[in-house]
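The primary structure of each chain is shown beneath.
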Amino acid sequence: MNGAQALIRTLVRCGVDVCFSNPGTSEMHFVAALDAVPEMRGVLCLFEGVATGAADGYGRMTERPAGALLHLGPGLANGLANLHNARRASTPVLAVVGDHAAYHKRFDAPLESDIDALAGSVSAWVRRSARTEDVAADAAEAVAAAMTPPGGIATLILPADVSWSEGGEPAPALPVRSPAPVPGDVLDSVARTLRSGAPCVILLGGSAVRRPGLEAASRIAQATGARLLSETFPARLERGAGIPVVDRLAYLAEFAVAQLAGARHLILAGARAPVSFFAYPGQPSSLVPDDCQVSVLAEAGDDVGAALASLADLVAPDTKPLAREPERPRPPDGDLTGESAAAVIGALLPEGAVVSDEANTSGLWLPAATAGAPPHDWLTLTGGAIGQGLPLATGAAIACPGRRVIALEADGSAMYTISALWTHAREGLDVTTIIFNNRSYAILGLELGRVGAQASGDAARDLLDLSRPDLDFVALATGMGVPASRARTAGELAAQLRGALAEPGPRLIEAVVPPPG
Ligand SMILES: Cc1ncc(C[n+]2csc(CCOP(=O)(O)OP(=O)(O)O)c2C)c(N)n1
Ligand SMILES: [Mg+2]
């Protein structure tokens, strides 16, 4: 058995059976080995940022890593932005990066580059397999590293000669450490804080915003008067009818400051202490109010769900969680705007949907409009690197057959990784994409003023404008095999979305909306 076969057989044993791939010459033995190991599903992505974003979406939904097969340093570099988002999401991901044969490296062939440096910038674990005999054990260790709580990126660098040489043998899966239990004295101390009568905010992050964490937090909030907030960009938020509601900390610092105002204690449950997304002249970086004390209930690698449940049993033994009432907006007619589009989506969102939200400024109204929709998952832009939404939807759809994936995607962000649509078509994925086409980098128009930049002329505005020419997303989608239509009114969006949800397979709706303001 060659190294590539031993590697893939080991990955399958370790529960890694999907590999989002964009291969090159150095990965040809990996590609060939897919025929020898049919349990591994290779999914072709036409850009590495799609492969890494898809692995992120897959990992968020299954809590197991998918592989992302990348071609040397340049392939990894193309995938880095979505690996960055995955790192911020604490998603388990296994990046397999092909490299030149060891003896070839000193010739400095054109594709030679510092893979280790690139990998080190996003990875929790990096190893270059030195020998064919080692590659299986390395792979098993990589999977265990990716799954070590809270989850992270493990990068295995695979030299071509290690891959093609004989002498490989599959290795068994390694045990994975469980999330660390939160000590009793920490629970007692937080319980005392909550009972002190001083205003408390509990900031929920990581797995705390899954249903069990939200239910425990809701009990605590009702019994103690603490307020709940979630981190701004949760990796996977469970929400909808029957699930306790949590507002997300606002993206704009001045709104976040208002949300946190008055808190004397900020209790971190799987979240980090809140900071402003960017520095703004004259504005503070930390969002923690001046006279507010921060305490940590659970860090990212801790068992935050169990900690919240134990804390609820201490301070709220007889309290039930407050479940969101079912409620949907009526689908409106008339002008299509971010607001009316949100109402349409809230009216029609199917039960069990997985929403990949990269709607940016057009998404402002979505949380309120969908809060009482049937239960669903909401995936957000954890690392702020745009171009995540369509790939994330790809991975989520492969992770969750039978569930409808809804990609809510801003026009500018869509263009970074638009080729994900081709994979949606090729794999026949149940992904319904709504493109909010406001023909601009609208958020940057807002930020221009907020950072205090003086931009009076056309040159600056031109860099934030996506017209000239207008992007035709119907043509782009159909050109990649995804049936598509354009909606110019709320009624058209509702009719087209109903139609899309009634059919299996991918579909795209271009929603023509004005930029905000
Ligand atoms: C990888 C990456 N490149 C650039 C940016 C900077 N950036 C932030 S928002 C934005 C434009 C967003 O435009 P669009 O997706 O159309 O959303 P809109 O603001 O119009 O709602 C850009 C370029 C970024 N966040 N990430
Ligand atoms: Mg836009």
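First, a word on scope: everything that follows refers to the structure included in this document. All residue numbers here refer to positions counted from 1 along the written sequence of the relevant chain. Lettering for chains starts from A, numbering for ligands starts from 1, and both go in the order in which the items are written. Only residues with pLDDT of 70 or above have their local features reported here, since the model is predicted, and side-chain atom pairs are shown and tallied only from 80 upward, although totals for entire chains, interfaces and linings are computed over all residues. As a convention, hydrogens and water are excluded, and side-chain values are obtained from all of the structure's heavy atoms.

Quick notes on the overall build of the protein chain
Now for step 1: Each helix is a run of H or I in the DSSP string that is no shorter than four residues. Each strand is a run of E no shorter than two, and both are numbered from the N terminus. Looking only at helices and strands, the protein chain features 20 helices and 18 strands.
Now for step 2: With C-alpha atoms as the basis for the radius of gyration, the globule rule is written as 2.2 Å multiplied by the number of residues raised to the power 0.38. Relative to the 2.2 N^0.38 estimate, which gives 24 Å for 517 residues, the radius of gyration of the protein chain is 24 Å and therefore close to what a compact globule would have.
Now for step 3: Dimensions of the protein chain, computed from C-alpha atoms along their principal axes, come out at roughly 65 × 60 × 50 Å.
Now for step 4: Out of the 517 residues in the protein chain, the part that is buried amounts to 54%.
Now for step 5: Approximately 20,600 Å² of the protein chain is accessible, and the part contributed by carbon and sulfur atoms is 54%.
Now for step 6: Both charge centroids of the protein chain, one from 39 positive and one from 55 negative side chains, sit 4 Å from each other. The buried label goes to any residue with under 20% of its type's maximum accessible area, the exposed label to any with over 50%, and the partly exposed label to all in between, with areas taken from a 1.4 Å probe on protein chains only. Each accessible area is a Shrake-Rupley estimate made with a 1.4 Å probe; only the visible protein chains count as cover when residues are assessed. The positive count covers Lys and Arg only, the negative count covers Asp and Glu only, and His and the chain ends enter neither. Note that the charge is assigned to NZ on lysines, CZ on arginines, CG on aspartates and CD on glutamates.

Quick look at the sheet that holds strand β5 (residues 125-128)
Adjacent strands of a sheet form backbone hydrogen bonds with each other and so pair up, either parallel or antiparallel.
Now for step 1: Spatially, β2-β1-β3-β4-β6-β5 is the arrangement adopted by the 6 strands of the open sheet, whose pairing is parallel. The open sheet has two edge strands with one neighbour each: β2 (41-44) and β5. Here the strands of the sheet are splayed against their neighbours by 20° on average, with no regard to which way each runs.
Now for step 2: Only strands joined by at least two bridges in the DSSP assignment are considered to pair. As paired strands, strand β4 (residues 93-99) and strand β6 (residues 153-159) are joined by 7 bridges and run parallel to one another. The angle between two axes is taken between their N-to-C directions and runs from 0 to 180 degrees, where each axis is a line fitted to C-alpha atoms and a helix contributes only its stretch in contact.

Section: the site of ligand 1
Now for step 1: Throughout this document, a residue counts as near a molecule or strand when at least one of its heavy atoms sits within 4 Å of that molecule or strand. Surrounding ligand 1, one finds 17 residues, the nearest of these being T361, D411, S413, S440 and I443.
Now for step 2: Within the side chain of T361, a nitrogen or oxygen atom sits 2.5 Å from an oxygen atom of ligand 1.
Now for step 3: Isolated, ligand 1 exposes 590 Å² of accessible area, and the fraction of that covered by the protein chains is 78%.
Now for step 4: Of all the secondary structure elements, the ones that give two or more residues to the shell around ligand 1 are α15 (411-416) and α17 (442-450).
Now for step 5: Counting residues per element, the shell around ligand 1 draws most heavily on α15, at 4 residues. Think of a polar contact as two N or O atoms within 3.5 Å of one another; within protein, one of them needs to be a possible hydrogen donor and the other a possible acceptor, and neighboring residues in sequence only count if both atoms come from side chains.

Brief notes about helix α11 (residues 304-315)
Now for step 1: One less than the number of residues in a helix, times 1.5 Å, gives the span that helix is expected to have. Given a rise of 1.5 Å per residue, 12 residues ought to cover 16 Å, and the 16 Å separating the end C-alpha atoms of α11 matches this to within 8%.
Now for step 2: Every buried residue of α11 is accounted for by V304, A307, L308, L311, A312 and V315. One face of α11 carries all of its buried residues, which in axial projection span an arc of 135°.
Now for step 3: Where α11 is buried, its residues contact α8 (184-195), β7 (200-204), α9 (211-224), β11 (265-269) and β12 (293-298). Regarding the arc, it is the one traced by the directions from the helix axis to the C-beta atoms. The contact definition used throughout considers only heavy atoms, calling two residues in contact when any of these lie within 4.5 Å.

What to know about the coordination of the magnesium ion (ligand 2)
Now for step 1: Listed donor atoms are N, O and S within 2.8 Å of the metal (Na, K and Ca: 3.2 Å). As water is not included, a site may look incomplete. Taken together, the protein ligands of the magnesium ion (ligand 2) are D411 (OD), N438 (OD1) and S440 (O), with distances of 2.1 Å.
Now for step 2: Ordering the donors of the magnesium ion (ligand 2) by residue number gives the pattern D-x26-N-x1-S.
Now for step 3: The buried category is assigned to N438, whose relative accessible area is 5%.
Now for step 4: Owing to a relative accessible area of 14%, S440 belongs among the buried residues under this scheme.

Some points on the packing of aromatic side chains
Now for step 1: Centres within 6.5 Å are what make two rings of Phe, Tyr or Trp a pair, Trp counting through its six-membered ring; a difference in plane orientation under 30 degrees is then read as stacked, over 60 as edge-to-face, and the rest as tilted. For the structure shown, the criterion picks out 5 aromatic pairs.
Now for step 2: Here F233 and Y251 contribute two aromatic rings whose centre-to-centre distance is 6.4 Å and whose plane-to-plane angle is 55°, an arrangement assigned as tilted. Remark: Y251 occurs in the loop between β10 (247-248) and α10 (253-260) and F233 occurs in the loop between β8 (227-230) and β9 (237-239); sequence separation between them is 18 residues.
Now for step 3: Residue classification places F233 among the partly exposed residues on the basis of a relative accessible area of 22%.
Now for step 4: By relative accessible area, which is 23% here, Y251 ends up partly exposed.
Now for step 5: Relative to F277, the ring of F233 has its centre 5.6 Å away and its plane inclined at 70°; by these criteria the two rings are edge-to-face. In this pair, F233 sits in the loop between β8 and β9 while F277 sits in the loop between β11 and β12, placing the two residues 44 residues apart along the sequence.
Now for step 6: You can call F277 partly exposed: its relative accessible area is 36%.

Points about the environment of G445
Now for step 1: One can find G445 in helix α17.
Now for step 2: Distance from G445 to T193, taken between C-alpha atoms, is 42 Å for residues 252 residues apart in sequence.

Remarks on the packing of α9 against α11
Now for step 1: Where α9 contacts α11, the axes come no closer than 8 Å and their chain directions differ by 25°. The angle between α9 and α11 places the two elements in the roughly parallel class. For the pair α9 and α11, the crossing hand works out as left-handed. Along the contact surface, α9 presents G213, A216, R219, I220, A223 and T224, while α11 presents L308, A309, L311, A312, D313 and V315.
Now for step 2: When residue character is reported, Ala, Val, Leu, Ile, Met, Phe, Trp, Tyr, Cys and Pro are called nonpolar, Asp, Glu, Lys and Arg charged, and the others, Gly included, polar. Residue classes in the contact of α9 with α11 are distributed as 8 nonpolar, 2 polar and 2 charged. When an angle is under 35 degrees it counts as roughly parallel; over 145 it counts as roughly antiparallel; between 65 and 115 it counts as roughly perpendicular; any other value is oblique. Each crossing gets its hand from how the near helix is turned against the far one by less than a right angle, where anticlockwise is left-handed and clockwise is right-handed.

As for the sheet that holds β8
Now for step 1: Strands sit in the order β10-β8-β7-β11-β12 across an open sheet of 5 strands; the sheet is parallel. Two strands bound the open sheet, and with one partner strand each, they are β10 and β12.
Now for step 2: Pairing of β7 with β11, which is carried by 5 bridges, proceeds in the parallel orientation. Counterpart to C200 in the pairing with β11 is H265.

Considerations on unusual backbone geometry
Now for step 1: The step from P149 to P150 runs through a cis peptide bond, and the omega angle for that step is 5°.
Now for step 2: With respect to the element layout, P150 can be found in the loop between α6 (135-147) and β6.
Now for step 3: At the junction of R468 and P469, the peptide bond is cis and its omega measures out at 0° in the coordinates.
Now for step 4: Tracing the sequence through the fold places P469 in the loop between α18 (458-462) and α19 (473-479).
Now for step 5: Despite not being glycine, S90 has its phi angle at roughly 55°, a positive value.
Now for step 6: Residue placement: S90 occurs in the loop between α4 (72-89) and β4.
Now for step 7: For S90, a relative accessible area of 23% puts it in the partly exposed group.

Notes on the side chain of S21
Now for step 1: With respect to the helices, strands and loops of the structure, S21 is situated in strand β1 (residues 18-21).
Now for step 2: The exposure class of S21 is buried, given its relative accessible area of 7%.
Now for step 3: Beyond its immediate chain neighbours, meaning those up to four positions away, S21 contacts V43, L44, C45, A51 and L69.

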